[in-house]
Amino acid sequence: MAHNSQDLLEHLIAAARKVGADAADALFVENVSASVCYRLGRLEEVERSESSDVGLRVFVGQRVAFVSSTDLSNDSLSALPDRAVAMAKLAPEDKFACLAPKERLARSIPDLDLEDSEEPSADTLVERARAVEGSAMAVKGITNSEGGGASFGRTSIALATTEGFFGRYAGTNHSIGVAVLAGEGTKMERDYDHASSRRSADLEPAEIVGRRAGERTIARLHPRKAKSQAVPVIFDPRESCGLLGHLSGAISGSAIARGVSFLKDCLGQQVFAPTITVLDDPHMRRGRRSKPFDGEGVANAYMAIIENGVLKTWLLDCASAKQLGLQTTGHAARGTGGPPHPASTNFYMVPGSLSPAELMGDIVDGFYVTELMGMGVNTVTGDYSRGASGFWIENGKLAYPVSEVTIAGNLKDMYRRLTPADDLVFRYGTNAPTCRIEGMTVAGE
């Protein structure tokens, strides 16, 4: 059997049909990754790996099964269709499992410029790791390092279905990062910074990333505790993106279908202030989560999720859409060993009109969050309680570092009271500017 991805996948689904499947799809994923770790001026680790993984999903009536393999030998691949069909015949019926209908499949594959043509050499990665750690350690007051790192990855994804779809795309990722410490004994503080990009030419310079990590660490020295009170809380962009992460989880079609979301009754309703817009853009050029079609081959597109504060849509794959009596929104994501599930792509909040300084300018007492800890978010009720550290705000300025506090509220109230700044930067798959939320509870002393 040829191991060209299209030949391989089309052979698998044809073989599945031949041995009794009513429908099938197959996914082929190839990964290359390389990474180095550099700590205290010495190279500690160099790794490189390559992997290939194929997954087959088959339908026999309303019964479905999944098989996958990293063994691409002819004998192993030839056994997959028989094994999958045999498993499907024993599986319970799933009336919502389905392939994407032919009319929803992507007819063209846009070029999103996701793949760098060259893999960096090991020497290049070592130099990036050395530079990012060296710059952090050069900041006065830094006393130790958890290590600087640099990595590269390339992922290729191909999908074929018995509805006649075949699509393939590939993307690369370059990243650097470092975590360092300052202080001594029990009064040590730690912070970090990192950067990533699809292409080497877009990667933020290691010296800037390292220096920023060092300066953030020094700024955290000699923290105080805050008194328990209700105050405005400002989320640094590193943490404000988490607020959108909770939103994307809450509007996932699978959560809505199971009735386990605090937003389950809010479609078409005002969720944020009327000035807030949240978008999802799978076709962003060089975007961190860009893809030309979704995990079921469905054509995807730029979409307003929150418009003028109103929740406009759920995030749906084919199964959750069928369960809700709706149409897929092209948000399926998947791996080779299980079913698709709804997920956002490049998910972001449109920036506001105020600078971060203006956003905090009228705050007499408040809290600026730079790091959150713990998983205290109840996605069914929206109750929110997280450990936090950052800086106390006095008279519109950052006054001193604060640690060992808890911030609490309910996400429904937090969203309605949220105001974004104008400093949106696309650093992650989910991005938000600096955000201010009125009246959160800060629990300290």
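Residues numbered from 1 in each chain as written. Predicted model: local features only at pLDDT ≥ 70, side-chain atom pairs only at ≥ 80, totals over all residues. Heavy atoms only, no water.

Novice: Which parts of the structure should I look at to understand the sheet that holds strand S2 (residues 42-60)?
Specialist: Sheet strands associate in pairs through backbone hydrogen bonding, adopting either a parallel or an antiparallel arrangement. Taken in spatial order, the six strands of this open sheet run S3-S2-S1-S4-S5-S6, and their pairing is antiparallel. Of all strands in the sheet, those bounded by a partner on one side alone are strand S3 (63-69) and strand S6 (189-197). This sheet shows a mean twist of 20° between the axes of neighbouring strands, independent of strand direction. Note that strand S1 (residues 23-39) and S2 share 17 bridges and pair antiparallel. What sits directly across from Cys37, in S2, is Glu45. In this fold helix H2 (residues 74-90) packs onto S2 and S3, with an angle of close to 155° to the strand it touches most, S3. (Pairing = 2+ DSSP bridges. Helix = DSSP H or I, 4+ residues; strand = E, 2+ residues; numbered from the N terminus. Axes fitted to C-alpha atoms, helices over the stretch in contact; angles between N-to-C directions. Contact = heavy atoms within 4.5 Å.)

Novice: What am I meant to see in the pattern of salt bridges here?
Specialist: Side-chain pairs of opposite charge can arise whenever the charged atoms involved come near each other. For the coordinates displayed, the defined rule picks out 26 salt bridges. The partner of Arg199 in a salt bridge is Asp113, and the shortest N-O contact between them spans 2.6 Å. Placement of the pair is Arg199 in the loop between S6 and helix H4 (206-219) and Asp113 in the loop between H2 and helix H3 (122-137), with a sequence separation of 86 residues. With respect to burial, Arg199 and Asp113 carry one shared label: buried. One salt bridge in this structure joins Arg220 and Asp191, with 3.3 Å as the shortest N-O distance. Within this pair, whereas Arg220 is found in the loop between H4 and strand S7 (229-235), its partner Asp191 is found in strand S6, the two being separated by 29 residues in sequence. The class of Arg220 is buried, set by a relative accessible area of 11%. By relative accessible area, Asp191 is classed as buried at 2%. A network of salt bridges, in which partner residues are shared, links Asp113, Asp116, Arg199, Asp202, Arg285 and Arg286. (Salt bridge = Lys/Arg side-chain N within 4 Å of Asp/Glu carboxyl O. Buried < 20%, exposed > 50% of the residue type's maximum accessible area, 1.4 Å probe, protein only.)

Novice: When you look at the nonpolar core in this model, what are you seeing that I'm missing?
Specialist: In a soluble, globular protein the nonpolar side chains are often hidden away together inside. Residues Phe235, Leu247, Phe367, Tyr384 and Ile407 are the most contacted members of the largest nonpolar core, which totals 47 residues. Residue contacts for Leu247: discarding those within four places in its chain leaves Leu263, Phe272, Val278, Ile306, Phe347 and Tyr415. Formed by 23 residues, the second largest nonpolar core is a distinct cluster that contains Ala21, Leu56, Leu72 and Val85. (Core = buried A, V, L, I, M, F, W, Y, C linked by side-chain atoms within 4.5 Å.)

Novice: Is there a simple way to explain the state of the cysteines in this structure?
Specialist: Throughout this description, disulfide means a covalent bond between two cysteine sulfur atoms. One pass over the full model with this rule turns up zero disulfides. Between Cys241, a free cysteine, and Cys435, which holds the nearest cysteine sulfur, the sulfur-to-sulfur gap is 9.7 Å. Taking relative accessible area as the criterion, Cys241 reaches 14% and is therefore assigned buried. (Disulfide = S-S within 2.5 Å.)

Novice: Please explain the pairing of strand S16 (residues 397-410) as it appears in this structure.
Specialist: Along a regular strand, successive side chains alternate from one face of the sheet to the other. Summarising the sheet, strand S15 (residues 383-394) and S16 pair through 11 bridges and their orientation is antiparallel. In the strand pairing of S16, Tyr384 is matched with Gly409.

Novice: Looking at this model, I keep getting lost on helix H5 (residues 237-250). Mind explaining?
Specialist: Three- or four-residue spacings in an α-helix give side chains the same orientation, since the helix completes a turn every 3.6 residues. Relative to the 20 Å expected for 14 residues at 1.5 Å per residue, H5 spans 20 Å between its end C-alpha atoms, a close match to the ideal helical length. When we look at burial in H5, the residues that qualify are Arg238, Glu239, Ser240, Cys241, Leu243, Leu244, Leu247, Ser248 and Ala250. The N-cap of H5, judged by a side-chain oxygen 3.0 Å from the amide nitrogen of Arg238 a few residues on, is Asp236. (Expected span 1.5 Å × (residues − 1). Polar contact = N/O pair within 3.5 Å; in protein donor to acceptor, adjacent residues only side chain to side chain.)

Novice: Any chance you could explain the packing of H3 against H4 here in plain terms?
Specialist: When two helices pack together, their arrangement is captured by the angle between the axes and the distance separating the axes. For the pair H3 and H4, the least separation of the axes is 7 Å and the interaxial angle reads 35°. In this structure, H3 meets H4 at a crossing whose hand is right-handed. Contacts between H3 and H4 involve Arg128, Ala131, Val132, Ser135 and Ala136 from the former and Ala206, Glu207, Val209, Gly210, Arg211 and Gly214 from the latter. (Left-handed = near helix turned anticlockwise from the far one by under 90°.)

Novice: How should I be thinking about unusual backbone geometry in this particular structure?
Specialist: Excluding glycine, residues mostly carry a negative phi; peptide bonds, for their part, are mostly trans. Its identity as a non-glycine residue notwithstanding, Arg286 has a phi of 60°, on the positive side. Among the structural elements, Arg286 can be located in the loop between strand S8 (278-280) and strand S9 (303-307). We classify Arg286 as partly exposed; its relative accessible area is 31%. For Asn308, which is not a glycine, the phi torsion comes out positive at approximately 55°. Checked against the element boundaries, Asn308 lands in the loop between S9 and strand S10 (310-311).

Novice: Sorry if this is basic, but what is going on with H2 here?
Specialist: In this model, H2 (17 residues) spans 26 Å end to end at C-alpha, consistent with the 24 Å of a helix rising 1.5 Å per residue. A bend of about 30° at Leu80 is the largest found in H2, and the proline Pro81 appears one to four places after it. For H2, every residue scored as buried is listed here: Ser76, Leu77, Leu80, Pro81, Ala84, Val85 and Ala88. Turning to H2, the residues buried within the fold contact helix H1 (5-18), S2 and S3. (Bend = angle between axes of the 7 residues up to and from the residue.)

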